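# Inside the fold
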Amino acid sequence: MAALIRGLRAGRALRGLGGVAVQGTVSLQCSNVRRGFHRAALLRLASDSKSDTSVPPPSYHEVHTAGESSSSSAQGESSEDAQPNTSFQDQSGEHGEDYETEEQLQARILTAALEFVPQHGWTVEAIAAAAETLGLSSASTGMFNNGAGDLVLHFVAQCNAQLAETLAEQNNQVQLGQSEAKKTAEFLKDAVETRLRMLIPYIDTWPQAMSILLLPHNIPDSLKHLSTMVDDIWYYAGDRSTDVNWYTRRAALTGIYNTTELVMVQDSSPDFEETWAFLDNRIKDVVNMANTAKQVQATGEAVVQGLMGAAITVTTQKMIQFPERNILALTIMSCLYFSDYMKEKCLACLSFT
Amino acid sequence: MLHRMMRVDHAGEYGANRIYAGQMAVLGRTQISPLIQEMWDQEKQHLRKFNEILAENRVRPTLLLPLWNIAGFALGAGSALLGKEGAMACTVAVEESISEHYNSQIRTLMEKDPEKYTELLQLIKEFRDDEMEHHDQLIIEILVFALPFYVLLTHDPSLLQVPGYQLMKAIIQVGCKAAIYISERL
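Calculation criteria
- Residues numbered from 1 in each chain as written.
- Chains lettered and ligands numbered in written order.
- Predicted model: local features only at pLDDT ≥ 70, side-chain atom pairs only at ≥ 80, totals over all residues.
- Heavy atoms only, no water.
- UniProt positions renumbered as here; feature names shortened; annotations may be inferred.
- Helix = DSSP H or I, 4+ residues; strand = E, 2+ residues; numbered from the N terminus.
- Buried < 20%, exposed > 50% of the residue type's maximum accessible area, 1.4 Å probe, protein only.
- Contact = heavy atoms within 4.5 Å.
- Buried area = accessible area lost by both parts, 1.4 Å probe.
- Salt bridge = Lys/Arg side-chain N within 4 Å of Asp/Glu carboxyl O.
- Polar contact = N/O pair within 3.5 Å; in protein donor to acceptor, adjacent residues only side chain to side chain.
- Nonpolar A, V, L, I, M, F, W, Y, C, P; charged D, E, K, R; others polar.
- Patch = residues over 30% accessible without salt bridge, like charges linked within 9 Å, V, L, I, M, F, W, Y side chains within 5 Å.
- Areas by Shrake-Rupley, 256 points an atom, 1.4 Å probe, with all protein chains shown as cover.
- Core = buried A, V, L, I, M, F, W, Y, C linked by side-chain atoms within 4.5 Å.

By the naming in an unreviewed UniProt entry, chain B goes by 5-demethoxyubiquinone hydroxylase, mitochondrial and is assigned to Cyprinus carpio carpio. Recorded under Subunit (unreviewed entry), the UniProt text for chain B is reproduced unchanged: "Component of a multi-subunit COQ enzyme complex, composed of at least COQ3, COQ4, COQ5, COQ6, COQ7 and COQ9. Interacts with ADCK4 and COQ6. Interacts with COQ9."

Chain A is annotated in an unreviewed UniProt entry as Ubiquinone biosynthesis protein from Cyprinus carpio carpio.

In structure tokens form, the structure reads like this:
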């Protein structure tokens, strides 16, 4: 979807150019256009090969190679595309296996950049260092509009994917009967611990990453990652609720995760024991609260019933003692019955567990 | 898009459930109660099915469920306090809105890709038929058993002639449209 939007934008840029081959000046606008050009070419070729047409129209191809050769090493992708170029010329229009999209390339660079994070922090320098180790120019960082934000979001997405895989694997084992299903509290604790342990190699620079995630232009993405992760954890914990519990549970787990993360970054105990103890206590709190809520509700109901019973008994007695007060007593009793009934209905409506 | 559709359908069935519950709370001991109970049971079945679908597809339920809970019950109880004709008229208006909504969903799915969404299409068609059945049943109930005089006088078997019904129907339809719009997004 995002690729489609980029392709559309690139298409607009192309039309502005009139499809003329670009000479290699290194201005930002030019490189943007070249980027867009490259992406449009990739998109066009992807759709071409999907529809199984023959060789792409020669003008495109010609201009593309001309554009590629005139592009400065700033892009650096020409070296990548020198090999997959063979797939462009493939008569049957199929993709070669070594064909790499821009997104895959970006993912490779960012994954490599994680190794340089302890040294350079969550910055563009880490990305540049990684680009160099991959044989690309350090100016490849121009590919990343969001700079360090891209790196952090990539890392978060990677961790979440890993967590989802682990949880799915565990779920599989339980389905196959090879291991026991955990209780909810224990499952949540293990899942959050697994996810937080992925931060350990980067724990010294993690406060920087957290602040990057809190930048206004990163907040939508970081919230999306967080909510997907929490949804995954609850799903594999067995939550299939379709009422307001869906929200209360996820809100509770989000709170637990965030506070435990904060505790972790300033924890200096061996193997973060204090963090896991904190996590344990928080989960116990939430479980306690749910139980207490149930108890309060049950107690409230019992108290109300008791009061109703007492009032009815008193009124009945009065009815027998003072026949002339019958009408009043009858009115009171009918009101009590009605309010009792309404109370039952209300409690039934508002029950949330 | 699919998630939105499932979310709003789930909210709709939940609301319909609460409307019938409100009506039964007031009219539970009258002559009309078996009919309302039967329709309520069908709605409960619909809701159960949608609960399953939401769980299967990991769809988020709408945040406003508590609101629809109270609003539905209030609408049901309020219309039932107008008598059994009031309750039936309210149900007729609601069922008409729901059927229209399901029809538009069916149209959307058919436009997109009938083969891919066959199961969902079949389900929505089935539910729409159920709702239309409720609607038709109740129209007959009202016109034939509750208000035969209007029909005899005007020779026009349409509910719109009954005073106050048009107003009620307009309010309910606007309410339903607003509820659908919000539930799709929130």
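Still more ground to cover, so stick around.
Residues and elements named next belong to chain B. Mapped onto this structure's residue numbering, the UniProt feature "binding site: Fe cation 2" (unreviewed entry) falls at Glu43, Glu95, Glu131 and His134. A stretch of 92 residues holds the annotated residues, and the largest C-alpha distance among them is 11.2 Å, short enough that they meet in one place. Checked against the element boundaries, Glu131 lands in helix α5 (residues 118-146). According to the relative accessible area criterion, Glu131 is buried, its value standing at 0%. Apart from residues no more than four positions distant in its own chain, Glu131 is found in contact with Glu13, Glu43, His46, Glu95, Ile98, Ser99 and Tyr102.

Once that is clear, we can look at the interface of chain A and chain B. On the chain B side, the residues contacting the eleven residues of chain A number 16 residues. Together chain A and chain B conceal approximately 1300 Å² of surface at their shared face, both sides included; 62% is due to carbon and sulfur atoms. At the boundary of chain A and chain B, one finds two salt bridges. The closest approach of N and O atoms between A:Asp232 and B:Arg58, which form a salt bridge, is 2.6 Å. Applying the counting rule to chain A against chain B returns six residue pairs in polar contact (both at pLDDT 80 or more). Mapped onto the side of chain A that touches chain B, the elements with two or more residues apiece are α12 (219-237), α13 (245-265) and α15 (326-350) of chain A. Looking at the side of chain A that touches chain B residue by residue, the classes come out as six nonpolar, one polar and four charged.

Here the UniProt feature "domain: Ubiquinone biosynthesis protein COQ9 HTH" (unreviewed entry) sits at residues 102-132 of chain A. Helix makes up 81% of residues 102-132 of chain A and strand 0%, and the two end C-alpha atoms of the span are 17 Å apart.

Turning our eyes to something else, we now look at the UniProt feature "binding site: Fe cation 1" (unreviewed entry) in chain B. All names here are of chain B. The positions that UniProt labels "binding site: Fe cation 1" (unreviewed entry) are, in the present scheme, Glu13, Glu43, His46 and Glu131. A maximum C-alpha distance of 10.5 Å is found for the annotated residues, which run over 119 residues; spatially they form one tight group. Its location among the elements puts Glu13 in helix α1 (residues 2-27). If we ignore the near neighbours within four places in the chain, the residues touching Glu13 are Glu43, His46, Leu47, Phe50, Tyr102, Phe127 and Glu131.

What follows deals with unusual backbone geometry. Positive phi outside glycine occurs at A:Phe272, with the angle close to 55°. As for its position among the elements, A:Phe272 is in the loop between α13 and α14 (273-321). The class for A:Phe272 is buried, based on a relative accessible area of 11%. The phi dihedral of B:Arg58 falls on the positive side, at around 55°, and the residue is not glycine. Mapped onto the elements of the fold, B:Arg58 is located in the loop between α2 (33-57) and α3 (65-81).

This brings us to a nonpolar patch on the surface. Residues and elements named next belong to chain B. Nonpolar side chains collect at one region of the surface, where Leu63, Tyr181, Ile182 and Leu186 lie side by side and expose about 370 Å² of accessible area between them. Within the secondary structure, Leu186 is located in the segment after α7 (165-185). Of the residues examined, Leu186 reaches a relative accessible area of 41% and is grouped as partly exposed.

Let's shift gears to the nonpolar core. As a rule of thumb, nonpolar side chains are buried together in soluble globular proteins. Among the nonpolar cores identified, the biggest contains 54 residues, and A:Trp122, A:Leu151, A:Phe155, A:Trp206 and A:Ile233 are the most heavily contacted of them. Among the elements of the structure, α6 (102-113), α8 (124-133), α9 (148-175), α10 (184-197), α11 (206-213), α12, α13 and α14 of chain A are those that each provide at least two residues to this core. If sequence neighbours within four positions are ignored, A:Trp122 has contacts with A:Leu114, A:Val117, A:Ala148, A:Leu151, A:Val152, A:Phe155, A:Tyr202, A:Thr205, A:Trp206, A:Gln208, A:Ala209 and A:Ile212. Judged by nonpolar contacts, the second largest core, of 41 residues, contains B:Tyr20, B:Met88, B:Cys90 and B:Tyr102.

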